[in-house]
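# Structural description and commentary
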Amino acid sequence: MVLKMEKELQILDEKEKISDWIHENISSIRKSYEEEFIAVEKDKNIISDKELSSLISRIKRSGKTPSELVIQFVHKKGEVVFF
Amino acid sequence: MKIPIRIKRSEDGSLRLLVGYYARNGSIRLNGDIEAMVDTGADISIISEADALVKMGGSFKNLRKTTRETLRLGGIKSKLRTLKEVKMKFKKEDGTAEIINMELFTSRCTSKKKEAIRSAQTIPSIIGMDFLYKNDLKLVVNPKENEAYFEKVE
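Residues numbered from 1 in each chain as written. Chains lettered and ligands numbered in written order. Predicted model: local features only at pLDDT ≥ 70, side-chain atom pairs only at ≥ 80, totals over all residues.

### Brief notes about the overall build of chain B
Helix and strand content of chain B: three helices and eleven strands. Counting helices and strands in the order they occur from the N terminus, chain B gives β-β-β-β-β-α-β-β-β-α-β-α-β-β. Viewed in the frame of its principal axes, chain B has a C-alpha envelope of about 45 × 40 × 25 Å. Here chain B, with 154 residues, has 37% of them falling under the buried criterion. (Helix = DSSP H or I, 4+ residues; strand = E, 2+ residues; numbered from the N terminus. Buried ≥ 20, exposed ≤ 12 C-beta atoms within 10 Å, placed from the backbone.)

### Some details on the sheet that holds strand 1 (residues 37-40) of chain A
Residue and element names in this part refer to chain A. Read from one edge of the open sheet, three strands run 2-1-3, paired in antiparallel fashion. Pairing within the sheet leaves two strands with one partner each, and these edge strands are strand 2 (46-49) and strand 3 (70-73). Within the sheet, the average angular offset between the axes of one strand and its neighbour, ignoring direction, is 20°. Summarising the sheet, strand 1 and strand 2 pair through four bridges and their orientation is antiparallel. Following the sheet pairing, F37 is matched in strand 2 by D49. Across the sheet, helix 1 (residues 2-24) touches strand 1 and strand 3, and the angle it forms with strand 3 is around 30°. Across the sheet, helix 3 (residues 52-61) is in contact with strand 1 and strand 2; its angle to strand 2 comes to roughly 140°. (Pairing = 2+ DSSP bridges. Axes fitted to C-alpha atoms, helices over the stretch in contact; angles between N-to-C directions. Contact = placed C-beta atoms within 7 Å.)

### Some points on the interface of chain A and chain B
At the interface, 23 residues of chain A touch 24 residues of chain B. Secondary structure elements with two or more residues in the side of chain A that touches chain B: helix 1, helix 2 (26-33), helix 3 and strand 3 of chain A. The element that contributes the greatest number of residues to the side of chain A that touches chain B is helix 1 of chain A, accounting for nine residues. Taken together, the residues of the side of chain A that touches chain B sort by class into 13 nonpolar, five polar and five charged. (Nonpolar A, V, L, I, M, F, W, Y, C, P; charged D, E, K, R; others polar.)

Structure, rendered in structure tokens:
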């Protein structure tokens, strides 16, 4: 139980690091992946696709687990988004 | 008890509040980390369509309807479904875990149009006002000092 809890907190830390890396490097990421979904691995390798369902299929086909990657949409530069 | 929130500044200078948590609900095969945007304009907390597709093994069709059936977010109309009580695990300031059990929701775009579906899938997971209210938490944000956190109201 304690080990599972520690593992989950460790996953949160790892994902936070990847997410922060995306934020810090969004300008260069946008040059190649604007308006695409990206999945970023721990080693910062990026898989991308215009459709989320296709991206998930591609990740699975490559033998990886989608939930282990950080998946985000790369908005256009200057696009103001309200939720 | 404090749960730290990350303040992220985009290129245009706008700010976003982000918090990560680990979500579990065995009955719907929900198991995974969620990065949510804190949005005090939202009255409910949702796991986004994209996060549900990736982190939830169960089918959207099997989720229960709620009294609030429709979600309008970012100009997109979606069906709303309850995920029932989800175990949310946060990392506190001292590095230990804070477990919060509460009802979360998820959505699925009702449109068949590709562009609408794509737009719906760009909406992030959200922590709304219900999270603060139901769990006796306050939200403290000081962007100048890069400080933001949830704190238990004594």
